[in-house]
Amino acid sequence: MAGSTRKKRAHGANSAKKKTHGNPQCAHISRDPAHVAPATLGDWIGAARLRTLPLAVSPVVIGTGAALIAKTEFHWVIALCCLVLAVAIQIGVNYANDYSDGIRGTDDHRVGPARLTASRKASPRAVLTAALVFFGIAAIAGIAIVVRTGHWWMLLVGAACLVAAWFYTGGKHPYGYAGLGELFVFVFFGLVATVGTTFVQAGSVPQEAWFGAVAAGLLACAVLLANNLRDLDQDRLAGKRTLTVRIGRRATQIVFTVFVLGAFAITAFLALVYPLAWLGLLALIPGACAILIVWTYRQPRELVVALSLTSLTSLALAGLLCWAFVG
């Protein structure tokens, strides 16, 4: 009996030692490919993270509205190419993150929707190929814009966007793992996307484009904060040192609130010159709901709703600002 008891205790201790990784709020997913169904079309669409696509559309909408201030002629072909470029990069980033986080094991235990690579529903090569296809589509759209406008130096800007997209979670030293994700998102999904859209259509950049770019960038950063707040425990265990992991839950809630309200402070400032911009404050309704969720959530899964609401806020604000600029 004594020997049997010791064996049971030893077995229990060994089991406890093995359970040192993963998020306790998420059930363990089998890693045996034989027990995992292949990815469906719905899985691939889900991995594209459609709820983040408004963040790609918003800068193009604001930038196009600002371009019409500087130049009344609407270059719809260039605007469409800008939209294709932005959306393709966003989807490419999402697939690239799925691939990079999956092969690192960061997504092995997720609170949010399962990823293709981590769930073994698709091979890493297939997910990487999908990312490269969308990066290729973005490159083609960018080249078309450069050919149409003659601004060949913008090829360097496009190349910088693709490099930033890949090294967010890719490479040996991804900046997303070092707490720099929000900075790069603000620069590329805010400033570069908005101001670039305005410049290629108007040939100049009015100050309205810069104000709109900051607003779009702040909301894009807020979406990333909501995402990282949801994954806080998982990222901490995986060694992913996002800004949220570095500053903690409460500070992230404060920064998220400042980012969302900051975008509407800019809107109120623009309304002093463009009265229709006051309508942009209507977008604060979903934004306020997102803030409320971020401060009161009980389960990390609830932050998926906050993420979606913030993304919707960005698109709504962009449309209303564009209307204010051209109205």
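Note that residues are indexed from 1 along each chain, following the sequence as it is written. Residues qualify for local features only when their pLDDT is at least 70, as the model is predicted, and side-chain atom pairs are given and counted only at 80 or more; totals for whole chains, interfaces and linings, by contrast, use all residues. The side-chain values count all of the structure's non-hydrogen atoms but skip hydrogen atoms and water molecules.

A. Spotlight on the pattern of salt bridges. Take a side-chain nitrogen of Lys or Arg and a carboxyl oxygen of Asp or Glu: if they are within 4 Å of each other, that pair is a salt bridge. One pass over the full model with this rule turns up four salt bridges. The residue Asp233 makes a salt bridge to Arg236 at a minimum N-O spacing of 3.8 Å. Placement of the pair is Asp233 and Arg236 together in helix α10 (residues 232–238), with a separation of three residues, close to one helical turn. Exposure categories follow from relative accessible area, calculated using a 1.4 Å probe and restricted to protein chains: below 20% of the type maximum is buried, above 50% is exposed, and the middle band is partly exposed. Take Asp233: its relative accessible area is 26%, and that puts it in the partly exposed class. Strands are runs of DSSP state E lasting at least 2 residues, helices are runs of H or I lasting at least 4, and numbering of each runs from the N terminus.

B. Representation of the nonpolar core. Put simply, a nonpolar core is a bunch of buried Ala, Val, Leu, Ile, Met, Phe, Trp, Tyr and Cys residues held in one set by side-chain atoms that sit within 4.5 Å of each other. Residues Ile89, Tyr95, Phe256, Val260 and Leu317 are the most contacted members of the largest nonpolar core, which totals 65 residues. In terms of residue count, the dominant contributor to this core is helix α9 (residues 207–230) (twelve residues). Should any heavy atoms of two residues lie within 4.5 Å, those residues are considered in contact. Filtering out sequence-adjacent residues up to four positions away, Ile89 remains in contact with Phe135, Ala138, Cys161, Leu162, Ala165 and Phe189. Among the nonpolar cores identified, the runner-up in size contains eleven residues, and Val60, Ile78, Cys82 and Met154 belong to it.

C. Structural view of the packing of α9 against helix α14 (residues 302–326). Each axis is a line fitted through C-alpha atoms, and for a helix only the stretch in contact is used; angles between axes span 0 to 180 degrees, taken between their N-to-C directions. Relative to each other, α9 and α14 sit at 170°, their axes nearing to 8 Å. Viewed along their axes, α9 and α14 adopt a mutual orientation that is roughly antiparallel. Side by side, α9 and α14 meet where Glu208, Leu219, Ala222, Val223, Ala226, Asn227, Leu229 and Arg230 of the first sit next to Leu303, Val304, Leu307, Thr310, Ser311, Thr313, Ser314, Leu317 and Phe325 of the second. Each residue gets one of three labels, nonpolar for Ala, Val, Leu, Ile, Met, Phe, Trp, Tyr, Cys and Pro, charged for Asp, Glu, Lys and Arg, and polar for the others, Gly among them. Tallied by class, the residues present in the contact of α9 with α14 amount to ten nonpolar, five polar and two charged. An angle counts as roughly parallel when it lies under 35 degrees, as roughly antiparallel when it exceeds 145, as roughly perpendicular when it falls between 65 and 115, and as oblique in every other case.

D. Structural view of the confidence of the model for the protein. Mean pLDDT over the protein stands at 87; residues scoring 70 or higher make up 86%. By definition, pLDDT measures how confident the predictor is in each residue, and it falls between 0 and 100. Predicted confidence is poor over residues 1–31, with pLDDT under 50, and the contacts of this stretch with residues over four places away or in other chains come to 22 contacts.

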